[in-house]
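Coordinate inspection notes
Now for the letters of each chain:
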Amino acid sequence: MAIELPQSLEKKNRKTEEAELTPQEIVSELDKYIIGQNAAKKAVAIALRNRYRRRKLPPELADEIAPKNILMIGPTGVGKTEISRRLAKLTFSPFLKIEASKFTEVGYVGRDVESMIRDLVRISVEMVKQEQVEEIEEKAERNVEEKILDLLLPPPRRKASDQDQEEVERFKDTREKLRTQLRAGLLDDRLIEIETKEKMTPPFEIFSNSGVEEIGIHIQEIIPGFLGGKSKKRKVKISEAREYLLEDEQKRLIDMDQVSRLAVERVEHSGIIFLDEVDKISGREAGRGPEVSREGVQRDLLPIIEGTTVNTRYGLVRTDHILFIGAGAFNVAKPSDLIPELQGRFPIRVELTSLDRKDFIRILTEPENALIKQYRALMETEGLHIAFAKDAIEEIAEIAEKVNESTENIGARRLHTVMEKVMEEISFSASDLKKKKIKIDQKYVQEQLRDIVKDEDLSRFIL
């Protein structure tokens, strides 16, 4: 008997399905946004496919198969976070990025490590809720339209049996005329009276020995109307009323118990947690405060990664099959500095390579979200057409590489700084330029960056 796919993962209207994506297809999709790093792409593709394979196994065997967690090793700006984030988007998986060092900032332990699971569940709830909103959107809009028409033209108080046929027909005709005007937007400025609720207060927070944690119950859920949430009548334009009524209708149509159940299922079967800066908590106990803190955090993380049950406001969540992707530069510490138990929970290790000039050229031009494409699109909104010459792109890439070598190597993020400086003057005066076609060549790039590149101190400060 094969494991049934949770209902939350069986959406027929999705563009892509986790079950349909082969490792080659996953890598191909990642290639559209991330240059190089083939070893890392291959590792995450296999880990993702293994999830699908596990669901095809008998339940007793499937429970024994742990996810193949991944440890990415490489400098900042080479694509560690982007690979994980794109992977989650591909498969509609709840995704959370959190820094391991967050758990060391308050006292010895810092924030409660279980809070990452609570955060992931909240993200999952919002995802499922949004999907259900899209499903009931058409019905909700029809209901809102009927409510607005009822306010514009209240139904007769007399019973249908007491009305003559002519009066009934006249009412229907008038209602349909109003419906036509309403859909055409002709009544948007008309005022109607509706009931609105005051915005709810933020959730309470408490201080525990593990940091600040949210109490998962709003006080309004206990005492309706207390500290906000009261209903009051107000006159608003129909265009504004439609938004209020649509929000209320969506809340009425969505079954939050079902949303919570599906969200927890999705976290347990498809959740991905990207644990950044793992190298910052590397270190064994050596009798000093910071070292004790680091090992303490590792030991707190261990049961979550191994598999435990966490209590959240949406129910109990098992972490046994959540995929953890650890990442860090490991330029000071090494993966072997992690406690042995935690090392064993990251069986797949991939090293991401630093980026050079050729990589920068590809990053500027090839991906679907390439920086040059972004700047072109931004300037197009002002009616300005920008063209980048080949030598200009090569110059930008070369300058980015040089600055990375002479200062801190921040990988592809350096391109953002260099590009912003190159485009600064054009971006500032784009709306006033009479010439609507501009070609950026090597000479222009050198002019914009000449003083900064020559002055090393200024280069360190600006680029």
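Below: a short report on this structure. A quick note: this is a predicted structure, and the numbers were derived from the prediction, not measured.

As for the environment of Lys439
- Mapped onto the secondary structure, Lys439 falls in strand S13 (residues 437-440).
- With 52 residues separating them in the primary sequence, Lys439 and Ala387 have C-alpha atoms 4.7 Å apart.
- Not counting the four nearest positions on each side in its chain, Lys439 is found in contact with Ala387 and Ala389.

Some details on helix H1 (residues 23-31)
- What H1 keeps buried is the set Pro23, Ile26, Val27 and Leu30. Viewed along the axis of H1, the buried residues span an arc of 95°, placing them on a single side of the element.

What about the side chain of Ser124?
- For Ser124, the location among the structural elements is in helix H5 (residues 115-152).
- Given a relative accessible area of 0%, Ser124 falls into the buried group.
- With residues near it in sequence (within four places) discarded, Ser124 still touches Pro94, Ala263, Arg266 and Val267.

Considering the environment of Ile123
- Structurally, Ile123 is set in helix H5.
- The partly exposed category is assigned to Ile123, whose relative accessible area is 29%.
- Taking the C-alpha atoms as reference points, Ile123 and Val267, separated by 144 residues in sequence, lie 9.2 Å from one another.
- Filtering out sequence-adjacent residues up to four positions away, Ile123 remains in contact with Phe95 and Leu96.

Side note on the sheet that holds strand S1 (residues 70-73)
- If you trace the five strands from one edge of the open sheet to the other, you get S2-S7-S10-S1-S11, paired in parallel fashion. The open sheet terminates on both sides in strands that have one partner only, identified here as strand S2 (95-99) and strand S11 (348-351). Across this sheet, the average inter-strand angle for adjacent strands is 20°, counted without regard to direction.
- Pairing analysis gives five bridges linking S2 to strand S7 (residues 272-276), with the strands arranged parallel. Considered in S7, the bridge of Ile98 is made with Leu275.
- Across the sheet, helix H2 (residues 38-55) is in contact with S1, S7, strand S10 (323-328) and S11; its angle to S1 comes to roughly 170°.

Reading the values: rules and limits
Throughout, residues of each chain are indexed from 1 in the direction in which the sequence is written. A pLDDT threshold of at least 70 governs which residues receive local features in this predicted model, and a stricter bar of 80 or more applies before side-chain atom pairs are shown or counted, although totals over entire chains, interfaces and linings include all residues. Working from all heavy atoms in the structure, the side-chain values ignore hydrogens and water. The way it works is that DSSP assigns letters per residue, a run of H or I at least four long becomes a helix, a run of E at least two long becomes a strand, and they are numbered from the N terminus. When checking whether two residues touch, look at their non-hydrogen atoms; a contact exists if any pair is within 4.5 Å. To sort residues, take the accessible area from a 1.4 Å probe on protein chains only and compare it with the maximum for the residue type: under 20% means buried, over 50% means exposed, and anything in between is partly exposed. The arc in question is formed by the directions pointing from the helix axis toward the C-beta atoms. Paired strands, in this sense, are two strands between which DSSP finds at least two bridges. Angles shown run from 0 to 180 degrees and are taken between the N-to-C directions of axes, each axis being a line fitted to C-alpha atoms and, for helices, limited to the stretch in contact.

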